[in-house]
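One-letter residues, chain by chain:
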Amino acid sequence: MPGKAPVKKYITANEAVAHAARLARVEVIAAYPITPQTSIVEKLASFIASGEMDADFIKVESEHSALTACMGARMAGVRAFTSTSSQGLEYMHEMLAYSSGGRYPLVMANVCRSVALPWSIWGDQQDAIQQRDTGWIQLFTETAQEALDMVLQAYRIAEDHRILLPVMICLDGFIQSHTEELVEIPDQESVDAFLPPYDPVVTLDVDDPHSISVGGFGKHYAAWRKEQQEAAERAKEVIVEVGDEFARIFGRHYGGLIEAYRIEGAQAVLLTMGALVGTAREVVDEMRAEGKAVGLIKVRAFRPFPAEELRQALSQVKAAAVLDRDCSYGYEGALATDLKAALYGLANPPAVLGFIGGLGGADVPPERMRYMLERALSVKKGAPSSAEFIDL
Amino acid sequence: MTQKARLEEVRWHGRGGQGAVLGASILGSAAALYEGKYAVSFPSFGAERRGAPVQAFTRIADQVIRTRSQIYHPTRIIVLDDTLFGVVDITDGAQAGATVLVNTRRSISELDIPAGLNVVLLDASAIAQEIIGVGIVNTTMLGALAGATNLVGLDAIKKAIADALPEKIAGRNIAAAEAAYWEVKGG
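Residue indices follow the written sequence of each chain, beginning from 1 at its first position. As they are written, the chains are lettered A onward and the ligands numbered 1 onward, keeping that order. Local features in this predicted model are restricted to residues of pLDDT 70 or higher, and side-chain atom pairs are both shown and tallied only at a pLDDT of 80 or more, whereas totals for entire chains, interfaces and linings draw on every residue. Hydrogen atoms and water are omitted, and side-chain values are computed over all heavy atoms in the structure.

**Quick word on the packing of helix α7 (residues 144–159) of chain A against helix α9 (residues 219–250) of chain A**
All names here are of chain A.
- The convention used is that axes are lines fitted to C-alpha atoms, helices contributing only their stretch in contact, and that angles between N-to-C directions extend from 0 to 180 degrees. Counting from the N terminus, the helices are DSSP H or I runs at least four residues long and the strands are E runs at least two residues long. Their axes nearest at 10 Å, the elements α7 and α9 cross at an angle of 125°. Between α7 and α9, the crossing angle belongs to the class labelled oblique. Remark: the crossing between α7 and α9 carries right-handed chirality. Where α7 abuts α9, its residues D149, L152, Q153, R156 and I157 lie against V238, I239, V242, G243, E245 and F246. Angles below 35 degrees are treated as roughly parallel, those above 145 as roughly antiparallel, those between 65 and 115 as roughly perpendicular, and all remaining angles as oblique. Should the near helix be turned anticlockwise from the far one by less than a right angle, the crossing is left-handed, and should it be turned clockwise, the crossing is right-handed. Throughout, a residue-residue contact means that at least one pair of heavy atoms, one from each residue, lies within 4.5 Å.

**What about the sheet that holds strand β3 (residues 56–59) of chain A?**
Residue and element names in this part refer to chain A.
- For two strands to pair, DSSP has to find at least two bridges joining them. Pairing is mixed in the open sheet, where 7 strands are placed in the order β3-β2-β4-β5-β7-β6-β12. Looking along the sheet, the strands with just one partner apiece sit at the ends: β3 and β12 (301–303). Taking each pair of neighbouring strands and ignoring which way they run, the sheet shows an average axis angle of 20°.
- Across 2 bridges, the pairing between strand β2 (residues 28–31) and strand β4 (residues 80–84) is parallel. The residue of β4 that forms the bridge with V28 is A80.

**Describing the interface of chain A and chain B**
- In this complex, chain A contributes 27 residues to the contact, which on the side of chain B involves 24 residues.
- When two parts are brought into contact, each loses some accessible area as probed by a 1.4 Å sphere; the total of that loss over both is the buried area. Buried area between chain A and chain B, summed over both chains or domains, comes out near 2,100 Å², and the portion from carbon and sulfur atoms is 55%.
- Here, a salt bridge means any Lys or Arg side-chain nitrogen found within 4 Å of an Asp or Glu carboxyl oxygen. For the pair chain A and chain B, the number of links is 3 salt bridges.
- Notably, a salt bridge pairs D285 of chain A with R66 of chain B, separated by 2.6 Å at the nearest N-O pair.
- Think of a polar contact as two N or O atoms within 3.5 Å of one another; within protein, one of them needs to be a possible hydrogen donor and the other a possible acceptor, and neighboring residues in sequence only count if both atoms come from side chains. On inspection of chain A and its partner chain B, the count reaches 12 residue pairs in polar contact (both at pLDDT 80 or more).
- Counting residues per element, the ones that place at least two in the side of chain A that touches chain B are β1 (7–12), β8 (180–185) and α10 (276–289) of chain A.
- Looking at the side of chain A that touches chain B, the element that brings in the most residues is α10 of chain A, giving 6 residues.
- Under the scheme applied, nonpolar residues are Ala, Val, Leu, Ile, Met, Phe, Trp, Tyr, Cys and Pro; charged residues are Asp, Glu, Lys and Arg; polar residues are all the others, including Gly. Per-class residue counts for the side of chain A that touches chain B are 10 nonpolar, 6 polar and 11 charged.
- Summarising the sheet, β8 of chain A and strand β2 (residues 38–43) of chain B pair through 2 bridges and their orientation is antiparallel.

**Brief notes about the domain arrangement of chain A**
Residues and elements named next belong to chain A.
- What counts as a domain boundary in this text is fixed by an automatic or database domain assignment. Split into domains, chain A comes out as domain 1 (7–250) and domain 2 (258–389).
- Each partner contributes to the interface: domain 1 provides 25 residues, whereas domain 2 provides 25 residues.
- In total, domain 1 and domain 2 occlude about 2,100 Å² of area from one another, counting both sides; carbon and sulfur atoms represent 52% of this.
- Between domain 1 and domain 2 we count 6 salt bridges in total.
- Ionic pairing is found between R132 and D338, a salt bridge with its closest N-O pair at 3.6 Å.
- Looking at the side of domain 1 that touches domain 2, the elements with two or more residues in it are α6 (126–129), β6 (137–140), α7 and α9.
- When the residues that make up the side of domain 1 that touches domain 2 are grouped by side-chain class, the tally is 11 nonpolar, 8 polar and 6 charged.

**Details of the nonpolar core**
Residue and element names in this part refer to chain A.
- L44, F81, I137, L139 and L152 are the most contacted members of the largest nonpolar core, which totals 54 residues.
- Of all the elements, α7 adds the most residues to this core, at 10 residues.
- Beyond its immediate chain neighbours, meaning those up to four positions away, I137 contacts I157, I163, L165, P166, V167, M168, A235, I239, R303 and P304.
- Buried residues of nine kinds, namely Ala, Val, Leu, Ile, Met, Phe, Trp, Tyr and Cys, make up a nonpolar core once their side-chain atoms join them within 4.5 Å. In this scheme, a residue with accessible area under 20% of its type's maximum is buried, one over 50% is exposed, and one in between is partly exposed, where area comes from a 1.4 Å probe on protein chains only. In this structure, A80, M95, A128 and A320 belong to the second largest nonpolar core, which totals 49 residues.

Here it is as structure tokens:
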């Protein structure tokens, strides 16, 4: 293992993400401020000002331009970074699809926040979930450490020539972004060993001209999209592979596309994404200590969706409670829908209970987690479920 | 993994601009970086403006802290401004025997604090005014906390203040913390 011992800092997940972008030797940052993301790019600006980081910070007039500037940097053959939240991510929407279709290996941190109206700067995951079908890989994190580690891994995943898709690392507004905790900052030498310089497939080069913003019609368009879908499917293997290699170098392993926590013999399992997984771990431990057969699945990859992994993990479970911090209005929480689809065709599928909570920054205390698991424990096999709002 | 070690949950009460959020942060970093413990700290997730009542929180434990919910049952309550009594419910949800550390010139009988709590009063404003030159009491109260409880030691507090503040003002803040420590300890 190369390098020196890592430095421990007591910092927020936002600051941890800024360290990751610095360690990834990002050369272009383009961003527009928005709560709760702003402190990421403030920290990056201070790294550049102090000379700790050699990068150009492009102050853009909007998030739409921020992502476009990152695409330009990638075309020129350098590593780029941006981060945003909520309204800013929505404003990027057009360029999200543009960049994934163009196979730009971008990395962005989205600090998840509710969307207006009603106006709210507080946390939920509606912003990220609304971008589900833009073709970005979406990975959710639980702690400041995982946010840092996943930004580093995201560059490896995105830039892998088998993938070439943009990656969005999601962290939860406030309960991660504004919460300080102990974080190990890896040393530069180890990061360099894990993450070699960007090796672009194509760059803007007058001596080697390529058509980059291509058009496509009918079959050609469909063939392009099929390749994109195949790359997104392949990303499942690459995410696991990169996570395993990261663990070999840095000693931290997060479990691939999902992490199953204490599901051995579980009758009821809670599924959720992001920082609330931490609270759920405590509740599962407490209920296990009371002899209750409950477990937890942390869904780390939302796109690509770990359908096979979830089918296997839940094949013997009686009921799954899903906590969504989002809602697809007129239906239910997005994770609940995707889970049900993944379980289709399973011989003896678990009942799925959909819960919607932690909206607009509403706290989800341990008692609510317990309530969802108790409901799942007492549900009859195959009983129908709906979208129950637990914050009220 | 299922054992329930003691989890310290500290709630800070102040007004916007008094440094409650920074106080919560310095306490967490003192425990996490200088005493080998785990800590998390966070502001109250609500609107904040100068002069309005604010809260901030620190959790400290000997093992990794996983819970992300708000603090409802504090083991320690730190009050930077005694005009908050009667404005917010300072002792709401306090665990039996919780420490209530208050910056005040008043006596315990003049404050509305229920029985069964471990109340510690000091005039931190006077200490801060004299030593730091301004009435910002977060660092002074950290020294008092180290003197009044075994939550975190004075050395760790001093180091964490030095990390958090610009060199120009760190020394005076450390001196104020130390003065408050001895005032509480000796008193």
